Amino acid sequence: MLNDDLQLLSLSRIKSTLFAALVLIVSSAISASAGAQSLPRSSPASVGMSSERLERLPAAMQRYIDANQLAGTVTLIARDGKVVHFESRGWRDKESDTPMSEDTIFFIMSMTKPIVSTALMMLYEEGLFLLTDPVSKWIPEIVDKQVLVQDDAGIHRMTPRQPITVRDVLAHTTGLDPARELLTEDEQKLLGRESSLEATLIKRAPLPLAFHPSEDWQYGSSTDYVALLVERISGEPLQEFLRKRIFEPLEMNDTSYVVPAEKRDRVATVYSPTGPNKTIEVFRTPDYSSVPFFGSDYYGGVGLFSTASDYWRFSQMLLNGGKLGRTQILSPKTINLMISNHSKDHDIYIRGPGYNFGLGFGILNDAGIARDPITPGSFTWGGAWGTIFWVDPIENMIGIMMTQISSYSHLNVRQDVGVTAVQAIVESYSNKPYSVQGYSVLNP
């Protein structure tokens, strides 16, 4: 009798355990897809776009997947605040035959930069600094930097003509990344990363500048200094500031510097074009997402993980003039300032001709010479592992493409997303007022 009771009790416990496990699996699946399901969706026709023409976008993505040049993609197109295309293709992990899904988590690399720049501009709106303030006011360790000068007399150093300003770090006009070959052996030893952002930048403080601040444009570590400014001005760790002030208010629930264990099965495998004829091979498996990418305590201007739906929320906030739903992150006047030209006529070489740079974004200003097929006035940036977004205030449109490949210069996939999305517009808004717009220089 006792044995029968024990067997019944054992069976009951097994059933309870299995039920609990099932509930956990179901609730995790619901949570994972909640972000994608909550997007405001509509038909392309309802926002002046052709459904038939928009089908060219997934067809273009499929060509790269079929050619084994990409494992998979997630693409999102929105207009008038409505998502009219949101589609996953290919594989999240090709080796295990795991399909790509809308809620796949991607390492967005430098698409972190617009988010960190937005964080600093939130502090700007609180009256805590001016764009013309010297950065050394909060990072005094860099106050004595010299400028490398290379001329007929050789290589020498001189005092900067002007200090590095907050505007400079936001616009990448700092000169903070000198050429390695022009440094002394002792200086070259300072280039490596430490375990934290602050320790890394302070170690590099003795390094000279590549040019006089504001007199050229250089892509590099400037946004790391933006990140450090956020921490020192706010008094909070960057990751906490972003979580409390941006991610939680915008419901960007899958955006972070480290992917929690319960979400790690949604992280896309990273591929590299190192196979025959630049076909793809595995570069990194998803377990790399369990720690900050650049160091155990390194949270900076690069390094966030995110999803297409989360980045749409951020992008739509920008397009709406700093607001999403009832949450006002920035003023529309601040957005206008951020998408104005702050790089003068310097060469924004990383995006090619036809671009200026604002405060955290590249801004297409000349469609006649630009490689990207988007409307002048659009602002954009991408990540080193293939991700890209753009916001078009003229056509009230957002485009996002997520994929994971370590090098993509041999591919036109980013441009193909732009071409196939923009050509689907059959009712242009170019003669209507815009929600946000960069400021032009007025002639006297």
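Residues numbered from 1 in each chain as written. Predicted model: local features only at pLDDT ≥ 70, side-chain atom pairs only at ≥ 80, totals over all residues. Heavy atoms only, no water.

Draft legend 1. Representation of the overall build of the protein within the structure. Helices and strands together make up the secondary structure of the protein, namely 12 helices and 16 strands. The globule rule puts the C-alpha radius of gyration for 444 residues at 22 Å, and the 24 Å found for the protein is close to it. Projected onto its principal axes, the C-alpha positions of the protein cover 95 × 60 × 50 Å. Expressed as a percentage of the 444 residues in the protein, the buried residues total 52%. Within the protein, contacts between residues separated by at least 24 positions form 69% of all contacts whose residues are at least 6 apart in sequence. Total accessible area computed for the protein in this model is approximately 19500 Å², and 52% of it derives from carbon and sulfur atoms. (Helix = DSSP H or I, 4+ residues; strand = E, 2+ residues; numbered from the N terminus. Rg over C-alpha atoms; globule rule 2.2 N^0.38 Å. Buried < 20%, exposed > 50% of the residue type's maximum accessible area, 1.4 Å probe, protein only. Contact = heavy atoms within 4.5 Å. Areas by Shrake-Rupley, 256 points an atom, 1.4 Å probe, with all protein chains shown as cover.)

Draft legend 2. Structural detail: the pairing of strand β5 (residues 147-151). Taken together, the 5 bridges between β5 and strand β6 (residues 154-158) define a ladder with antiparallel strand orientation. What sits directly across from Q150, in β6, is I155. If you look at the hairpin formed by β5 and β6, you'll find 2 residues sitting between the two strands. (Pairing = 2+ DSSP bridges.)

Draft legend 3. The arrangement of unusual backbone geometry in detail. Residue E251 is not a glycine yet carries a positive backbone phi of 60°. For E251, the location among the structural elements is in the loop between α9 (238-247) and β7 (270-272). Residues other than glycine seldom take positive phi values, yet K278 does so here, at roughly 60°. Relative to the helices and strands, K278 is located in the loop between β7 and β8 (281-284). Residue classification places K278 among the partly exposed residues on the basis of a relative accessible area of 45%.

Draft legend 4. Seen up close, the sheet that holds strand β1 (residues 72-79). Strand order across the open sheet formed by 8 strands is β3-β2-β1-β16-β15-β14-β13-β12, with antiparallel pairing between neighbours. The sheet is open, and its two borders are formed by β3 (98-99) and β12 (355-357), each paired with just one other strand. Its contacts with the sheet place helix α3 (residues 56-66) against β1, β2 (82-93) and β16 (397-402), and it is angled at close to 10° to β2. Helix α10 (residues 308-319) contacts β1, β2, β14 (379-382), β15 (388-392) and β16 of the sheet and is inclined by roughly 155° relative to β16. (Axes fitted to C-alpha atoms, helices over the stretch in contact; angles between N-to-C directions.)

Draft legend 5. Geometry of the environment of G321. Topologically, G321 is positioned in the loop between α10 and β10 (323-324). Put simply, G321 and N336 are 15 residues apart on the chain and 8.1 Å apart in space, counted from C-alpha to C-alpha. In contact with G321, other than residues within four places in its own chain, are Q328, L330, S331, P332, I335 and V436.

Draft legend 6. Just the environment of N412, in detail. Its place among the elements puts N412 in the loop between β16 and α12 (413-422). Exposure remark for N412: the relative accessible area of 38% places this residue in the partly exposed category. Along the sequence, N412 and F107 sit 305 residues apart, while their C-alpha atoms lie 20 Å from each other. In contact with N412, other than residues within four places in its own chain, are Y64 and R371. Reaching out from N412, the side chain makes a polar contact with the side chain of R371 at a distance of 2.5 Å. (Polar contact = N/O pair within 3.5 Å; in protein donor to acceptor, adjacent residues only side chain to side chain.)

Draft legend 7. Structural view of the side chain of D392. Note that D392 resides in strand β15. Side chain to side chain, D392 and T375 meet in a polar contact 2.6 Å long. A polar side-chain atom of D392 sits 3.0 Å from the main-chain amide nitrogen of E395.

Draft legend 8. Region of the structure containing the packing of aromatic side chains. Scanning all chains against the criterion turns up 22 aromatic pairs. Aromatic pair F293 and F294: ring centres 4.9 Å apart, planes at 85°, arrangement edge-to-face. Taking the relative accessible area as the measure of exposure, F293 reaches 25% and is therefore partly exposed. Ring centres of F357 and W381 lie 5.2 Å apart, and the angle between their planes is 85°; this geometry places the pair in the edge-to-face category. Residue F357 is found in strand β12, and its partner W381 is found in strand β14; the two are separated by 24 residues along the sequence. Judged by relative accessible area, W381 falls into the buried class, the value being 2%. Aromatic ring contacts, followed pair by pair, group F107, F283, Y288, F293, F294, Y298, F305 and W385 into a single cluster. The positively charged end of R79 is found above the aromatic ring belonging to Y429, 3.7 Å away from the centroid. (Phe/Tyr/Trp six-rings, centres within 6.5 Å; stacked < 30°, edge-to-face > 60°. Lys NZ or Arg CZ within 6 Å of the ring centre and 35° of its normal.)

Draft legend 9. Structural detail: the pattern of salt bridges. On inspection of all chains with the given rule, the structure shows 19 salt bridges. Its salt-bridge partner being E198, residue R232 comes within 2.7 Å of it at the nearest N-O pair. In this pair, R232 sits in helix α8 (residues 222-234) while E198 sits in helix α7 (residues 197-203), placing the two residues 34 residues apart along the sequence. Linking R266 and D254 is a salt bridge whose minimum nitrogen-to-oxygen distance equals 2.8 Å. Taken as a pair, R266 in the loop between α9 and β7 and D254 in the loop between α9 and β7 lie far apart in primary sequence, 12 residues in all. Note on D254: relative accessible area 12%, which makes it buried. Each of R92, D103, D254, K263 and R266 takes part in one network of salt bridges that share partners. (Salt bridge = Lys/Arg side-chain N within 4 Å of Asp/Glu carboxyl O.)

Draft legend 10. A look at α9. Among all positions in α9, only L238, F241, L242, I246 and F247 are buried. End-on view of α9: buried residues confined to an arc of 145°, all on one side of the axis. Contact partners of the buried residues in α9: α4 (113-125), α8 and β9 (304-306). (Arc of directions from axis to C-beta.)

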